Amino acid sequence: MSCNTFLTAYRGGVTDPGIAARLRAAGCVFAEEEASLLLERSGGDPDVLEEGVARREAGEPLEYILGRVDFDGGRVGIDPGVFIPRRRTGLLVDVVAGHVAGSRLGRTPVVVDLACGSGAIGLAVARRVRGIELHATDVDEAAVACAARNVAEVGGHVHLGNMYDPLPGELRGRVDAIAANMPYVPRERLDYMPTDSRRFEPVWTVDGGQDGLDLVRAAAAGAGEWLAPGGILVVETGDERTGQPREAVAAFEAAGLLADVRWDEEMEATAVVGRS
Ligand SMILES: C[S@@+](CC[C@H](N)C(=O)[O-])C[C@H]1O[C@@H](n2cnc3c(N)ncnc32)[C@H](O)[C@@H]1O
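Okay, so let's go over this structure. Per-chain numbering applies: the sequence of each chain, read as written, is numbered from 1 onward. With the structure being a predicted model, the display of local features is reserved for residues of pLDDT at least 70 and the display and counting of side-chain atom pairs for 80 or more, all residues being used for whole-chain, interface and lining totals. Side-chain figures throughout are based on the complete set of non-hydrogen atoms in the structure, without hydrogens or water.

## Points about the overall build of the protein
Broken down by element type, the protein carries 10 helices and nine strands. A compact globule built from 276 residues would reach a C-alpha radius of gyration of about 19 Å, and the protein, at 19 Å, matches this within 12%. For the protein, the spread of C-alpha atoms along the principal axes amounts to about 60 × 40 × 30 Å. Across the 276 residues in the protein, those meeting the buried criterion constitute 53%. In what follows, a contact means two residues having at least one pair of non-hydrogen atoms within 4.5 Å. Sequence-distant contacts in the protein: of pairs separated by 6 or more residues, those separated by 24 or more amount to 63%. In summary, the charge assignment counts Lys and Arg as positive and Asp and Glu as negative, without counting His or the chain termini. Positions of charges follow a simple convention, taking NZ of Lys, CZ of Arg, CG of Asp or CD of Glu. Distance between charge centroids for the protein: 3 Å, based on 28 positive and 43 negative side chains. By definition, any uninterrupted DSSP run of H or I lasting at least four residues is a helix, any uninterrupted run of E lasting at least two residues is a strand, and each is numbered from the N terminus. Both definitions apply: the radius of gyration is a C-alpha atom measure, and the globule rule equals 2.2 Å times residues to the power 0.38. Only protein chains enter the area calculation, which uses a 1.4 Å probe; residues under 20% of their type maximum are buried, those over 50% are exposed, and those in between are partly exposed.

## Some remarks on the pairing of strand β8 (residues 258-264)
DSSP calls a pair of strands paired once it identifies at least 2 bridges connecting them. Relative to strand β9 (residues 269-275), β8 runs antiparallel, the two sharing seven bridges. Considered in β9, the bridge of D260 is made with V273. What sits between β8 and β9 in their antiparallel hairpin is a turn of four residues, with E268 showing a positive phi close to 50°.

## Quick look at unusual backbone geometry
Phi is positive for D72, which is not a glycine, with a value near 50°. On the secondary structure map, D72 appears in the loop between β1 (68-71) and β2 (74-77). The exposure class of D72 is partly exposed, given its relative accessible area of 33%. Despite not being glycine, E268 has its phi angle at roughly 50°, a positive value. Residue position: E268 is located in the loop between β8 and β9.

## Considering the pattern of salt bridges
What counts as a salt bridge is simple: a side-chain nitrogen of Lys or Arg found within 4 Å of a carboxyl oxygen of Asp or Glu. Enumeration according to the criterion identifies 23 salt bridges in this entry. Among the ionic pairs, E34 bridges to R56, the shortest N-O distance being 2.5 Å. Of the two residues, E34 is situated in helix α2 (residues 31-42) and R56 in helix α3 (residues 46-57); the sequence distance between them amounts to 22 residues. Of the two residues, E34 and R56, both sit in the buried class. Between D211 and R217 there is a salt bridge, with the nearest N and O atoms lying 2.6 Å from each other. D211 gets classed as partly exposed once you look at its relative accessible area, which sits at 31%. Residue classification places R217 among the partly exposed residues on the basis of a relative accessible area of 31%.

## Describing the environment of E40
Within the fold, E40 resides in helix α2. What makes E40 exposed here is its relative accessible area of 54%. The sequence separation of E40 and L66 amounts to 26 residues, and the corresponding C-alpha distance is 9.6 Å.

## Concerning the sheet that holds strand β6 (residues 175-180)
Picture the strands of a sheet paired through backbone hydrogen bonds; they go either parallel or antiparallel. Strand order in the open sheet made by the seven strands is β5-β4-β3-β6-β7-β9-β8, with mixed pairing throughout. On the outer flanks of this sheet lie β5 (157-160) and β8, each paired with one strand and no other. Across the sheet, the mean angle separating the axes of adjacent strands is 20° when strand polarity is ignored. Relative to β5, strand β4 (residues 133-138) runs parallel, the two sharing four bridges. By the bridge assignment, T137 is partnered in β5 with H159. Only C-alpha atoms enter the line fits that serve as axes; for helices the fit covers just the stretch in contact. Angles between N-to-C directions range over 0 to 180 degrees. Lying over the sheet, helix α7 (residues 141-151) contacts β4 and β5, oriented at roughly 175° with respect to β5. Where helix α9 (residues 214-226) meets the sheet, it contacts β3 (110-114), β6 and β7 (227-237), and its direction lies at approximately 170° from that of β7.

Quick look at the structure:
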């Protein structure tokens, strides 16, 4: 059982040695912390506690059991079956928030969170830069329902459908930034994903096709129609050893975008940024 991003925000609390021992036996490294969070979730109801511990012992990610995840310093609701936002995706938030906060547009900036999952990226950008117009899309109904709850806080709009298809037509040529954390795991690497991801996150949230970049290429090919002059598309990729950043830059350039690669050592994150 792998441990999760949620615990980066753990600040201590009440633990139960019996519960912690069960979680440790199930392979959880941060057993005390998880026991404390599951106790807190139970509100003192032993049946709820037992249900949560049993799910965790069975390997279910803690985020699904708690129904929330910490991302970019804020809390995001998460439903089972929806991709759990990873800390490294904070790099996309940095790039998009920096772009829209820094550009003196003289109008409300428009941001699209393409393939939004829980909507974590768009929500984080909107929490950092107040007053943006946010649109999020995903092909998966569970993701769209989860994102709709999350981005309601910032007045965001969520649309169900493939890639750019469900975006309102009036956004054509008006989008200042598109954040697209598309699935980018090469198909032959799917079997090497951590066990809890393989068992609990649907394959369409991670499967990027043969070299992992099928949907990144589609995001690049479609971006020009939606971006405002000077607008940006930002995608996450594997690091340079995977060859993905170089391939993604080529796809961006083929789509007429000026591309460069960003790397954040602390987040161990790689992003490709294209400007229209
Ligand atoms: C790696 S997850 C990222 C989710 C979210 N952006 C995040 O960073 O937490 C990829 C998302 O792409 C969505 N997706 C896969 N294929 C898609 C498509 N053709 N059009 C739109 N969304 C798609 C999946 O449902 C999933 O929510």
